[in-house]
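Secondary and tertiary structure notes
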Amino acid sequence: MQIAFYTLGCKVNQYETQAMEQLALQRGHSLVPFEGPADVYVINTCSVTAVSDKKSRQMIRRARKQAPDSVVAVCGCYPQTHPGDVEKLGVDLISGTGDRTGFVELLECTWKDRQSLTVVDDVFQRRVFEPLPAGGLEGRTRAMLKMEDGCVNFCSYCIIPYARGRIRSLPVADCVRQARELVEQGYQEIVLTGIEISSWGQDLEGEETLIDAVEAICRALPGHIRVRLGSLEPRTITKDFCRRCAALENLCPHFHLSMQSGCDSVLARMNRKYDSARYYESVQLLREVYDRPGITTDLIVGFPGETEEEFAQTLDFIQKCGFSAMHIFPYSRRPGTPAAKMPGQVPNAEKEARCRRAAQVAQKMEEDYLDSFLGQQVPVLFEEEREGFWRGHTTRYAQVAAQSGEDLHNRLCTVRLIRREGLTLVGELM
């Protein structure tokens, strides 16, 4: 079969699509672009917000329209939580977020028999982490290593616990083995990812936590191979965690700390497991052991009931934290979550206006952070050439551009940073 994949959503979805691509190749199938002809179109969906659901439906309709006689298969979080909605779209194969190996086998059956099939399990019955082949298929420089699945935080705005189920962790020995395999494949940077990696190890025997796994992975790899952490909960950041992280020479000093709001009353309505004081403590602990660590975050603007005063508290708080970069989203009402039924839903126009205000603050912080590195020499892992410049990232995840007549793809080079253009640092190779 000729199979075309399309992925929506998070790094975990991207990882799982790459794994399914490898499984398909191992079974003798070929991969083709989603925009062209194919025997089978696979849409790996996201359902984190109502907007995500809408995008998933759009891609399903697009696939069905461009190839009426081909098989259209859908997997991921959207059919896991709303299989009936997906069935209404005329999909041939519907699966959820589990058993990716079995999903590839079901593709073959659906293509052969031409009979529609829905296979969606009960996520809360899952107990075992599903091992999948790590690594990508293209000339990428950065590989993802999925070390955890599931979430039991039950934030009031989030559907993901119902789409992914309980915490399931990849044992340390398997994490190390996959990391070594990725290095053998030529990757220079490995991103440790999962649905909620801060909870890694809770389901395993013993008392190992995330930092134990991170230490084992970093120490098993050559010193020049970068290891980068995915999104973390603030509770992960303790003095012991920071001390042990700082001792790992190949762990990138870049930490994405989930925030969502800087106002305690909003955090309480969100059912987050920390307040602004605990969050700020995490930021300060990281800065005690690292020089200008990259600290990035997410912000949800216009959560139900958010007043102008509460939003102003958040604006003050993000400036206090001084983030190196931020992802800012307007709250998207997600049916099936407690927040969707909360009073005080903020009008879209007000959410958009607040997003713009927050984005202005975030941009100034990011510019100031980038400017602090001007004149310095930093290692950059180059990823692609675009518009006459090779582009890559520092360990702190600042984007850098430099010109060179050589092929710098997947090369680690020292660059002297000479100016900033927008949110990109421009430098010259040393």
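This paragraph deals with the sheet that holds strand β6 (residues 117-119). Spatially, six strands are ordered β2-β1-β3-β4-β5-β6 in an open sheet, and the strand pairing comes out parallel. Two strands bound the open sheet, and with one partner strand each, they are β2 (30-31) and β6. Of the strand pairs in this sheet, strand β1 (residues 2-7) and strand β3 (residues 40-45) are connected by five bridges, and their pairing is parallel. Looking at the pairing, Ile3 lines up with Val40 of β3. Lying over the sheet, helix α1 (residues 11-26) contacts β1, β2, β3 and β4 (71-76), oriented at roughly 175 degrees with respect to β1. Packed onto the sheet, helix α2 (residues 50-66) meets β1, β3 and β4 and runs at close to 175 degrees relative to β3.

Bringing the packing of α1 against helix α5 (residues 100-113) into the picture now. Relative orientation of the contacting elements α1 and α5 amounts to 50 degrees, with a least axis distance of 10 Å. With respect to each other, α1 and α5 are oriented oblique. Here α1 runs over α5; the crossing is right-handed. Here α1 contributes Glu16, Met20, Leu23 and Ala24 to the contact with α5, which in turn contributes Arg100, Thr101, Phe103 and Val104. When the residues that make up the contact of α1 with α5 are grouped by side-chain class, the tally is five nonpolar, one polar and two charged.

Further remarks concern the sheet that holds strand β7 (residues 142-149). A sheet is described by the order of its strands in space; here four strands give the open sequence β8-β7-β9-β10, paired in mixed fashion. The outermost strands of the open sheet, each flanked by one partner alone, are β8 (168-169) and β10 (226-229). Examined bridge by bridge, strand β9 (residues 189-194) and β10 share four bridges and lie parallel to one another. Of the residues in β10, the one forming a bridge with Val191 is Arg228. Against the sheet, α1 engages β7 and β9, with an angle of about 105 degrees to β7.

It is worth spelling out the packing of aromatic side chains at this point. Applying the stated criterion to the full structure yields 11 aromatic pairs. Each ring, one from Tyr6 and one from Phe34, has its centre 5.2 Å from the other, and the planes form 50 degrees; the classification is tilted. In this pair, Tyr6 is assigned in strand β1 and Phe34 in the loop between β2 and β3, connecting sequence segments 28 residues apart. Residue class for Tyr6 comes out partly exposed when judged on its relative accessible area of 27%. Overall, the relative accessible area of 3% leaves Phe34 in the buried class. With 5.9 Å between their ring centres and 65 degrees between their planes, Tyr279 and Phe317 make a pair best called edge-to-face. Taken together, the residues span a long stretch of sequence, with Tyr279 in helix α11 (residues 276-289) and Phe317 in helix α12 (residues 308-321) at a distance of 38 residues. For Phe317, a relative accessible area of 7% puts it in the buried group. Three or more aromatic residues joined by ring pairs make a cluster, and in this case those are Tyr274, Tyr279, Phe317 and Phe323.

It is worth spelling out the side chain of Thr236 at this point. Tracing the chain through its elements places Thr236 in the loop between β10 and α9 (239-246). Every residue in contact with Thr236, bar those within four places of it in the chain, is listed here: Ser198, Leu210 and Phe241.

Counted according to the given criterion, the structure contains zero disulfides. Not part of a disulfide, Cys252 finds its nearest cysteine sulfur in Cys218, a span of 8.7 Å. A relative accessible area of 1% places Cys252 in the buried class.

Of all the eight residues making up β7, seven are buried; the element is thus mostly covered by neighbouring parts of the structure. Two elements, β7 and β9, share six bridges in a ladder whose sense is parallel. Within β9, the residue paired with Leu145 across the bridge is Leu192. Where β7 meets β8, two bridges bridge the pair, whose relative direction is antiparallel. Each residue of the ladder has a partner; that of Glu148, found in β8, is Ser169.

What counts, and where the lines are drawn
Residues numbered from 1 in each chain as written. Predicted model: local features only at pLDDT ≥ 70, side-chain atom pairs only at ≥ 80, totals over all residues. Heavy atoms only, no water. Pairing = 2+ DSSP bridges. Helix = DSSP H or I, 4+ residues; strand = E, 2+ residues; numbered from the N terminus. Contact = heavy atoms within 4.5 Å. Axes fitted to C-alpha atoms, helices over the stretch in contact; angles between N-to-C directions. Parallel < 35°, antiparallel > 145°, perpendicular 65-115°, else oblique. Left-handed = near helix turned anticlockwise from the far one by under 90°. Nonpolar A, V, L, I, M, F, W, Y, C, P; charged D, E, K, R; others polar. Phe/Tyr/Trp six-rings, centres within 6.5 Å; stacked < 30°, edge-to-face > 60°. Buried < 20%, exposed > 50% of the residue type's maximum accessible area, 1.4 Å probe, protein only. Disulfide = S-S within 2.5 Å.

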